[in-house]
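Chain by chain, the residues:
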2 protein chains.
Amino acid sequence: MTLQQLFGVPLPIIQAPMAGVQGSALATAVSSAGGLGSLPAAMLGPDALRAELAVMSAQSPRPFNVNFFCHTPPQPDPKREAEWRVTLAPYYAELGIDPETVPAGPGRLPFSHETVDTLEEFRPAVVSFHFGLPSEDLLARVRRWGAKILSSATTVDEACWLESRGVDAVIAQGLEAGGHRGVFLSRDLNTQIGTFALVPQIVRAVKVPVIAAGGIADAKGVRAALELGAAGVQVGTAYLLCPEATTSALHRAALTSEGARMTALTNLFTGRPARGIVNRIMIELGPISPCVPDFPLATSALAPLRAKAESLGRSDFSPLWAGQNTTGCREVPATALTAELVQEV
Amino acid sequence: MTLQQLFGVPLPIIQAPMAGVQGSALATAVSSAGGLGSLPAAMLGPDALRAELAVMSAQSPRPFNVNFFCHTPPQPDPKREAEWRVTLAPYYAELGIDPETVPAGPGRLPFSHETVDTLEEFRPAVVSFHFGLPSEDLLARVRRWGAKILSSATTVDEACWLESRGVDAVIAQGLEAGGHRGVFLSRDLNTQIGTFALVPQIVRAVKVPVIAAGGIADAKGVRAALELGAAGVQVGTAYLLCPEATTSALHRAALTSEGARMTALTNLFTGRPARGIVNRIMIELGPISPCVPDFPLATSALAPLRAKAESLGRSDFSPLWAGQNTTGCREVPATALTAELVQEV
């Protein structure tokens, strides 16, 4: 089954949900162009989520996807939290931030019954998850209005786990992909493999459609992914320069610099490994640090550093999420970019 | 220009040179099937090289490739060497090996004028290098008999460097690939990216043909690589179970086990990062260790551990080179496997 058949959209393209750099505007544009636009809800509170869903539902009758993180909130660990702040102390001092004023906070809320209450009002055609799946009772509520359910697999084991729990398709997220790794069954990053190796192995292992993600930046990449047996593709990084994205000026500048070639998986920003362009804090602390608080607790400690540095025009502490192939990034409307992704030679 | 046009072979397939697990038999079989067979010469002394070249030249008039490492031999560092042996001491004790009997040795010899003397007798159609290129005077001698020259690039910078030195084609070695990374301009492994991201970027950056390597295991993979703009592909891992390969029984068993899904880059075996199936020593010391002697000096310290463990039926200390996609590994003649790589749907 192709992605088009599964979701009732004209093109085999999902625009990857990218929390923090896009909202309903990008998603609506992609859906109107014939792809499946995605609203990233991981960082939206209930009111913001309702507002965004209302905009999308009003603007287009086309199917769209709403994406959630479904992590289990960790127990706060005051000792680790304190150690992390000691590590960051020189930066607080440098930027004149009083560490006592830095709030501890949850960072991101997981998917909950309250979230489903809001979703039920809008009945989005597709709901996708990152970091596995929520509990079966939550999933059952989502299925009730006929939504298709997706989640990301970064290994064959994760793909089989998702299939056994009834997802309608699996997103095979290759190591090239930008942003958070969807990995949820292992903490060993050696399990994480490239798109070219991952997609065929997942295609062999599961019966549900497989959507390829990671490193796909243009029409050639889309065709290559389909050759590997994918039912469609999910493209994120290429959309980051579109005017409909809310990507910051600093992030846009990084994406168009030579430095964009150098990304790394880092846990410094949230506590979970995610791919971004290497910047000052990743260089100075190393991109992966064992003393970072668990996801998403790490988020709050960096927030004031990021805000202050950005106000000074510096992205030293900003997550510059990007995949390993930024050659598809162009400052064109998302409708045009979506059309180009399926352009014939 | 396609790989077929460049080398005068019927198929867009190079069999990857794999030192230690194959010789002329595999290379001849692949060349006779219409691909470009490769003889790995990195671990052959002058006599062995001459013998293998004589066999290949006698058995087939088809073009073949001879592959060399072209590292600069490092200065031995007795202190580091001693530290490394202290790290390994518990293993020497466990296997009853007297560390005093473990020779220090060069491991692998680089490409030299003596090597070219031997090559000149046989004038192979293609000579490929790993870890950059040898000096210009050596290259000039190779060019004199009309040989095409190849080398691997793991980054856009390396591809441009190779093109500027006149290679006839660049092998874009994605992170999925098994065995030694060809990386030579950086020691930062974050520069190493997946095939899906690397191939299109190198295709954009250079004018010479680009050969895709890493994660390509079957006809779908070959077609996908060509869609990405590659002139052809280099396939290694898939050939490891062929009867013409000299892959050990332990290595073959590892390749067909569940464990084959778990590979990592490791420098423990030679001093340079190479991808292999995770085994005991990689788990216990961590796959990348800062105290390993420089390539190829690390090789000798592990050799007796490997030999003893293998004699006991254990691959605890063996390099089990493999890429991230072992689904193409099948116990069929290399001629059949080569034909299947270009099978139409």
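Quick caveat: nothing in here was measured; it's all calculated off a predicted structure.

Each value, and the rule that gives it
Residues numbered from 1 in each chain as written. Chains lettered and ligands numbered in written order. Predicted model: local features only at pLDDT ≥ 70, side-chain atom pairs only at ≥ 80, totals over all residues. Helix = DSSP H or I, 4+ residues; strand = E, 2+ residues; numbered from the N terminus. Expected span 1.5 Å × (residues − 1). Buried ≥ 20, exposed ≤ 12 C-beta atoms within 10 Å, placed from the backbone. Arc of directions from axis to C-beta. Contact = placed C-beta atoms within 7 Å. Domains from an automatic or database assignment. Nonpolar A, V, L, I, M, F, W, Y, C, P; charged D, E, K, R; others polar. Pairing = 2+ DSSP bridges. Axes fitted to C-alpha atoms, helices over the stretch in contact; angles between N-to-C directions. Least-squares fit on C-alpha atoms with pLDDT ≥ 70 in both.

Colleague: What should I look at first to understand helix α3 (residues 46-59) of chain B in this one?
Modeller: Working note: α-helix, 3.6 residues per turn, so residues spaced by three or four point in the same direction. Residues and elements named next belong to chain B. Taking 1.5 Å per residue, 14 residues should reach 20 Å; α3 reaches 20 Å between its end C-alpha atoms and fits that length. Of all the positions in α3, only L49, E52, L53 and M56 are classed as buried. On an axial view of α3, the arc spanned by its buried residues comes to 100°, and they lie on one face. Pointing more than 90 degrees away from the buried face of α3 are the exposed residues D47 and A58. Buried positions along α3 lie against α2 (24-32), β2 (37-40), β3 (64-69) and α5 (113-122).

Colleague: Is there a simple way to explain the domain arrangement of chain A in this structure?
Modeller: Accessible area lost during the coming together of the parts is what is often quoted as the interface size. All names here are of chain A. You can read the domains of chain A as domain 1 (1-71 + 108-247 + 329-345) and domain 2 (74-107 + 257-327). Computed from C-alpha coordinates alone, the two centres of domain 1 and domain 2 are separated by 25 Å. At the interface, 17 residues of domain 1 touch 16 residues of domain 2. Of the residues assigned to the side of domain 1 that touches domain 2, the class counts are six nonpolar, eight polar and three charged.

Colleague: Please explain the sheet that holds strand β8 (residues 210-213) of chain A as it appears in this structure.
Modeller: Pairing between the strands of a sheet is mediated by backbone hydrogen bonds and can be parallel or antiparallel. Residue and element names in this part refer to chain A. The strand order across the open sheet built from eight strands is β1-β9-β8-β6-β5-β4-β3-β2, with neighbouring strands paired in parallel fashion. Strands at the two margins of the open sheet, each flanked by one partner only, are β1 (13-15) and β2 (37-40). Looking at each pair of strands side by side, their axes are set apart by 25° on average, direction ignored. Examined bridge by bridge, β1 and strand β9 (residues 232-235) share three bridges and lie parallel to one another. Bridge pairing in β9 links Q15 to V235.

Colleague: Even after reading the chapter, I still don't get the sheet that holds strand β5 (residues 148-153) of chain B, so can you show me in this structure?
Modeller: Residues and elements named next belong to chain B. Reading across from one edge, β1-β9-β8-β6-β5-β4-β3-β2 is the order of the eight strands in this open sheet, with parallel pairing throughout. Of all the strands in the sheet, just β1 (13-15) and β2 have a single pairing partner and so form its edges. Averaged over all neighbouring strand pairs, the angle between strand axes comes to 25°, with direction disregarded. As judged from the four bridges shared by β2 and β3, these two strands associate in the parallel manner. Across the sheet, residue S38 finds its bridge partner in β3, namely N65. Each of β5, β6 (169-173) and β8 (210-213) is contacted by helix α8 (residues 195-205), which is oriented at about 175° to β8, the strand it contacts most.

Colleague: Help me out: how do you make sense of the relation of the copies chain A and chain B in this one?
Modeller: Relating one copy of the chain to the other takes a rotation about an axis and a shift parallel to that axis. Between the two copies, chain A and chain B, the superposition gives an RMSD of 0.0 Å; the rotation angle is 180° and the shift along the axis is 0.0 Å. What the superposition gives is, in effect, a two-fold axis relating one chain to the other. By C-alpha distance to the rotation axis, the residue of chain A lying nearest is A224 of chain A, at 2.0 Å. Taken together, the interface assignments show that 100% of the residues at the interface of chain A recur at the interface of chain B, consistent with an identical surface on both copies.

Colleague: Looking at this model, I keep getting lost on the interface of chain A and chain B. Mind explaining?
Modeller: Each partner contributes residues to the interface: chain A has 33 residues there, and chain B has 33 residues. For the side of chain A that touches chain B, the elements supplying multiple residues, two or more each, are α8 (195-205) and α9 (219-227) of chain A. Per-element tally for the side of chain A that touches chain B: the top contributor is α8 of chain A, with six residues. Among the residues making up the side of chain A that touches chain B, the classes are represented as 13 nonpolar, 14 polar and six charged.

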